[in-house]
Amino acid sequence: MMEVFGVIGYPLGHSMSPVMHNAAFRETGYQGIYVPFEVRPENFESAIEGIKALGIRGINITIPYKERILEFFRQRREVREIGAANTVDLKRKTCHNTDVDGVIGALQSSGVDAKDMEVLVVGAGGAAKACVYALKDDNEVYITNRTAKKGVELAERFDVEFIERERLETLKFDLIINATPLGMKGFPEKLPVSEKILGKKPAVFDMVYNPPETLLIRKALSYGCKAVSGVDMLVYQGAKAFEIFTGKKAPVEVMKKAVVSELKKIA
Ligand code: ATR
């Protein structure tokens, strides 16, 4: 029997998840279909009741509901620690945070060995949280943020160090992660850290995936840095969600191809 999956967010904009997951279903022969659900905040609770009643098998959760979803399902450990979820398995009634797997998968697949590195995470929102959680046990993680207060709070929560932006150039990092929307389509095309920092040749991971090659990635490559694109993050968080949903190994390359071609279409 055909199983139904989807993504819930508001506004949903042009979500990559449907093409990515439908390509994976086609490739693996899994009898599934994945659809976008744009749900307004006042309807969120009834939408969750609705997906349960309709027997929808799994959903992804995106902005602005990654925290609000928590009260409805059993939380996996990483969800409790991060305070946000992006994947719900309705059969097992559990919610997961596969952004963590997205971070690890993107780095690994790009040949960045995220162990014993000095890592700087720029930003203090949901994306930054998943990064810090994913990397803090095996690396020395530092946080910087435009609004110091928010950055300090995140640093304290995960017991890592906050660094003021003014001090960054005096330090050296092995890996810089952009977890802000700088460089994203519709946001300022500005670098999240100065060129002087890129000149020290850290590996660079930009969580922004639209456009696939951001200003940060372009500059990083021009300085000879190893660069990891947000497209990989998107694909690996989706791959882990696919595995939770279906119990099958995700066809990562096929999913990536589907995303890249969809991004080209909307460019
Ligand atoms: P997400 O859930 O995608 O991480 P978010 O919670 O809105 O999104 O967090 C966005 C992060 O990007 C924040 O750390 C924000 O900094 P502030 O805490 O100062 O708001 C950062 N950010 C957004 N726009 C920025 C900009 N123009 N310059 C620098 N940082 C920016």
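Residues numbered from 1 in each chain as written. Predicted model: local features only at pLDDT ≥ 70, side-chain atom pairs only at ≥ 80, totals over all residues. Heavy atoms only, no water.

Quick look at the packing of aromatic side chains
Per the stated rule, a full pass over the model turns up eight aromatic pairs. Between Phe-25 and Tyr-30, the aromatic rings sit 5.7 Å apart at their centres with planes inclined by 25 degrees, giving stacked as the arrangement. Owing to a relative accessible area of 17%, Tyr-30 belongs among the buried residues under this scheme. Taken together, Phe-5, Phe-25, Tyr-30, Phe-242 and Phe-245 form an aromatic cluster joined through their ring pairs. (Phe/Tyr/Trp six-rings, centres within 6.5 Å; stacked < 30°, edge-to-face > 60°. Buried < 20%, exposed > 50% of the residue type's maximum accessible area, 1.4 Å probe, protein only.)

A word on the site of the ligand
Taken together, Gly-123, Ala-124, Gly-125, Gly-126, Ala-127, Asn-145, Arg-146, Thr-147, Lys-150, Thr-180, Pro-181 and Leu-182 are the residues near the ligand. Measuring from an oxygen atom of the ligand, one finds a backbone N or O atom of Gly-126 at 3.1 Å. Here an oxygen atom of the ligand sits 2.4 Å away from a polar atom, N or O, in the side chain of Thr-147. Its residues assigned to classes, the shell around the ligand comprises four nonpolar, six polar and two charged. (Near = heavy atom within 4 Å. Polar contact = N/O pair within 3.5 Å; in protein donor to acceptor, adjacent residues only side chain to side chain. Nonpolar A, V, L, I, M, F, W, Y, C, P; charged D, E, K, R; others polar.)

Things to note about the packing of helix α1 (residues 17-28) against helix α10 (residues 252-266)
Two elements in contact, α1 and α10, have axes whose closest approach is 8 Å; the angle formed by their N-to-C orientations is 140 degrees. As judged from the angle between their axes, α1 and α10 are oblique. By crossing handedness, the relation of α1 to α10 is classed as right-handed. Facing Val-19, Met-20, His-21, Ala-23, Ala-24 and Glu-27 of α1, the residues of α10 in contact are Val-254, Met-255, Ala-258, Val-259 and Glu-262. Split by residue class, the contact of α1 with α10 holds eight nonpolar, one polar and two charged. (Axes fitted to C-alpha atoms, helices over the stretch in contact; angles between N-to-C directions. Helix = DSSP H or I, 4+ residues; strand = E, 2+ residues; numbered from the N terminus. Parallel < 35°, antiparallel > 145°, perpendicular 65-115°, else oblique. Left-handed = near helix turned anticlockwise from the far one by under 90°. Contact = heavy atoms within 4.5 Å.)

Looking at the domain arrangement of the protein
Assigned domains within the protein: domain 1 (3-97 + 232-266) and domain 2 (111-228). Each of domain 1 and domain 2 has a C-alpha centre, and these two points are 26 Å apart. Listed by partner, the interface residues are 13 residues for domain 1 and twelve residues for domain 2. Each partner contributes to the roughly 1100 Å² buried at the junction of domain 1 and domain 2, and carbon and sulfur atoms together form 63% of this total. (Domains from an automatic or database assignment. Buried area = accessible area lost by both parts, 1.4 Å probe.)

A short note on the layout of surface pockets
In this structure, the second largest pocket spans a volume of roughly 180 Å³. Contributing elements (two or more residues each) for the lining of the second largest pocket: α4 (99-109) and α5 (126-135). Partitioned by chemical class, the residues of the lining of the second largest pocket number six nonpolar, two polar and four charged. (1 Å grid on protein atoms, 1.4 Å probe; cavity = no way out; pocket = protein on both sides within 12 Å on 5 of 7 lines; lining within 4 Å. Points joined across faces, edges and corners; volume = space filled by probe spheres on them.)

Considerations on α5
Counting buried residues in α5 gives eight out of ten residues, a clear majority hidden from the surface. Regarding α5, the residues found buried are Ala-128, Lys-129, Ala-130, Cys-131, Val-132, Tyr-133, Ala-134 and Leu-135.

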